[in-house]
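# Structural overview for review
If you want the building blocks of each chain, they are given just below.
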Amino acid sequence: MSPDDPEARARRVLSRCSSCGHCRELMDDASCLFMPELYRLADREAAGGEAISEVELKALIGLCNACGICPCAPVQAWINEARDAFVNRDGLASGVRLLENVQRLGQIGEAVPHLANALTGANSIARTVRRIVRIHPERKVPRFPIDGFSTWARARGLHGKPRTASRKIAYFVGCTARYFFPEVAKATVEVLERNGVAVHLPEQKCCGMPALLEGDRSFTFDRVRFNVEELARCVEEGFDIVCSCPTCGYLLKSLLRDGAEYSEDYRSLVAKMIDEAGGDMGLVSQRLSERDAAFTGNVSRRAGHGRQPWLLGLVPRQVFQDQGYFSALSGLARLRVANHTYDLGEYLSMLHQARELALQFGAIGSSASYFAPCHQRQQGIGQPWKDLLGLIPGLEVARVGDGFDCCGQGGLMGFKQDFHVTSLRIGQRLTEKIRAAAPECLVTDCLSCRIQFEQVLSREARHPVELLRDSYRAYRAAMVGEIKGEQTHECRGSDFSPGRRAPEEGGERGTGKSLSPLRSGMTGSVGEVAHRLLRWDNYSPDKGRLGGGGNAPWTTQSLFNPPCLPPVSGETEPRS
């Protein structure tokens, strides 16, 4: 098959899936539009009807928004390769090339937010811009915030590497959180630091998923190659990688892993280890596990699949080939990144299971509905966020949507003029379920879903880490809110609605009554207050990392001025 023949590549997908038929009934209960159309075309042609045209094949490939629900990894890679071939032959519209560089757009918007918002708003100039870049006229575009994440991160010293920490992570922020929803990125850092985890912000480019979905292979590989090299170095220096964006995590954990166990460099490593172990596959598996864990002390659960003794014996024999989309990149480097990348909820759950998660949560609301997005579900990590939110006192968390529901946004795809209506069709089943649930608070960790929900439902969705951050703040605000006298600070986060005050003593949802013994006579220096908080948290300064992570004096000081939006005036770890 010629790599320059997109129809042949699309035909391969159609032939493979139509002859298998596994997804014919499976996708009846899914939001997927790709598989029903594939079977419709295949059945028509098989019945002697009109042959499938080149236009139909291209349109079919364009229906896939890479939700990851396909059970066959090669098929997912073939769809992407067919899309690449169409773009390589037919080109990519200039407006799409502009939109797919989300990082560049974000950097411009972060530098001049007022101008950027004017160009994407509802005025005549904005309408002209939309026509040029082919954004659908009815699509709501997120506004660039005035208080961006990059400045906040620099002030906090996150670009420097912490020299000491029993737990340290490299935070892969993702473009949407960094440039459009910085409150999510800030909440991620605050929650991790509250739990004594040192956070480093490495050099990073866009994860590459927007360009991948548009078929711009060279642009995708430029981004992914840079990130793999940089993140692999972080792992070698003892950093786990944490993503608050499930799409970034899906690419780094799942798409990079696909086929990497059959790559040439991994094959050579396994063959060498088999020879050194005298053919003992169990010993080889153990040594591979030790090799992975030696970097950070942790390793992803999915890393174990490629280390099964029965499978290791097949690796040197070249029974399988690396057919992953990123097979052109080093398999060892891909595995190094994938084996040490964690979804944020997964990482916090790991802390909880190790009894290292701070459980000092305050009440912030009564009920929430959580949607687990496609790319989080495809990571195979269960539903960590639902369990974590269940730790917040008084908060009842119900899951909305099932394993086959998709919001339909598809990242950049939902903004495009020729996909906007399709994206709404894909997400219709889910949005109807949300309307029926009528939740007090809608929660999802995917910011593309958040954009789609605000488009269709005209209501804000929140990232679960924001709720955890708010709950930590509510707990502390209840303890120290009266230390400097009666002060009122309007804040977002004490409850689900913007502008609510922190919980007050005796309030319906407050926690002040149970804290009154601590609050009485709670005066003195910030350091003395921090010491009391350490005792109240049942931690001790001599217990190491958790003893001072979230209760350092500078963190306590931030509760006073104001308690809802802590300023940055120091850090808990020395950095280089």
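The paragraphs below set out a description of the structure included in this document.

Each value, and the rule that gives it
Residues numbered from 1 in each chain as written. Predicted model: local features only at pLDDT ≥ 70, side-chain atom pairs only at ≥ 80, totals over all residues. Heavy atoms only, no water. Patch = residues over 30% accessible without salt bridge, like charges linked within 9 Å, V, L, I, M, F, W, Y side chains within 5 Å. Areas by Shrake-Rupley, 256 points an atom, 1.4 Å probe, with all protein chains shown as cover. Salt bridge = Lys/Arg side-chain N within 4 Å of Asp/Glu carboxyl O. Buried < 20%, exposed > 50% of the residue type's maximum accessible area, 1.4 Å probe, protein only. Helix = DSSP H or I, 4+ residues; strand = E, 2+ residues; numbered from the N terminus. Polar contact = N/O pair within 3.5 Å; in protein donor to acceptor, adjacent residues only side chain to side chain. Contact = heavy atoms within 4.5 Å. Axes fitted to C-alpha atoms, helices over the stretch in contact; angles between N-to-C directions. Parallel < 35°, antiparallel > 145°, perpendicular 65-115°, else oblique. Left-handed = near helix turned anticlockwise from the far one by under 90°. Nonpolar A, V, L, I, M, F, W, Y, C, P; charged D, E, K, R; others polar. Phe/Tyr/Trp six-rings, centres within 6.5 Å; stacked < 30°, edge-to-face > 60°. Lys NZ or Arg CZ within 6 Å of the ring centre and 35° of its normal. Pairing = 2+ DSSP bridges. Core = buried A, V, L, I, M, F, W, Y, C linked by side-chain atoms within 4.5 Å.

## Some points on a nonpolar patch on the surface
Taken together, the side chains of Ile108, Val112, Leu115, Leu119 and Ile125 present a nonpolar region at the surface, about 420 Å² in accessible area. Residue class for Val112 comes out partly exposed when judged on its relative accessible area of 36%.

## Concerning the side chain of His375
Within the element layout of this structure, His375 appears in helix 21 (residues 374-377). Within polar-contact distance, the side chain of His375 engages the backbone oxygen of Ala66 at 2.5 Å. Beyond its immediate sequence surroundings of up to four residues, His375 is in contact with Ala66, Cys67, Met209, Pro246, Thr247 and Tyr250.

## Digging into the packing of helix 1 (residues 6-20) against helix 4 (residues 54-62)
If you want to describe how two helices pack, look at the angle between their axes and the distance between the axes. Where helix 1 contacts helix 4, the two axes come as close as 10 Å, and the packing angle between them is 65°. Put simply, helix 1 runs roughly perpendicular to helix 4. By crossing handedness, the relation of helix 1 to helix 4 is classed as left-handed. Where helix 1 abuts helix 4, its residues Glu7, Ala10, Arg11 and Leu14 lie against Glu54, Leu57, Leu60 and Ile61. Counted by class, the contact of helix 1 with helix 4 contains five nonpolar, no polar and three charged residues.

## Looking at the packing of aromatic side chains
Given two aromatic rings, their pairing is described by the distance between the two centres and the angle made by the two planes. Using the criterion set out here, one finds 10 aromatic pairs in the structure. With a centroid separation of 4.6 Å and 25° between ring planes, the pair formed by Phe361 and Tyr472 is classed as stacked. Taken together, the residues span a long stretch of sequence, with Phe361 in the loop between helix 20 (344-353) and strand 5 (367-371) and Tyr472 in helix 25 (residues 464-480) at a distance of 111 residues. Accessibility expressed as a relative area gives 4% for Tyr472, which makes it buried. Feature note: the residues Phe149, Trp152 and Tyr171 constitute an aromatic cluster, connected by ring pairs. Sitting over the ring of Phe239, Lys168 keeps its end group 4.6 Å from the ring centre. Taking the ring centre of Tyr472 as reference, the NZ or CZ of Arg194 above it sits at 5.2 Å.

## Regarding the environment of Arg217
Within the fold, Arg217 resides in helix 14 (residues 217-236). Once residues lying within four places of it in the same chain are set aside, the contact partners of Arg217 are Glu81, Asp84 and Tyr325. A polar contact is formed between the side chain of Arg217 and the side chain of Asp84, at a distance of 3.2 Å.

## Some details on the sheet that holds strand 6 (residues 396-399)
Within the open sheet, the four strands sit side by side as 6-5-7-8. Their pairing is parallel. On the outer flanks of this sheet lie strand 6 and strand 8 (461-462), each paired with one strand and no other.

## Examining the nonpolar core
It is characteristic of soluble globular proteins that their nonpolar side chains tend to be buried jointly. One finds Phe34, Met35 and Phe326 to be the most contacted residues of the largest nonpolar core, which totals 61 residues. Residues Ala116, Tyr171, Val184 and Val443 belong to the second largest nonpolar core, which totals 54 residues.

## Remarks on the pairing of strand 1 (residues 168-172)
Burial runs high along strand 1: five of the five residues are buried. As paired elements, strand 1 and strand 2 (residues 198-200) share three bridges and run parallel to each other. In the sheet register, Ile169 faces strand 2, and the bridge partner there is Val199. When strand 1 meets strand 3 (residues 240-243), the two strands line up parallel, connected through four bridges. Following the sheet pairing, Phe172 is matched in strand 3 by Cys243.

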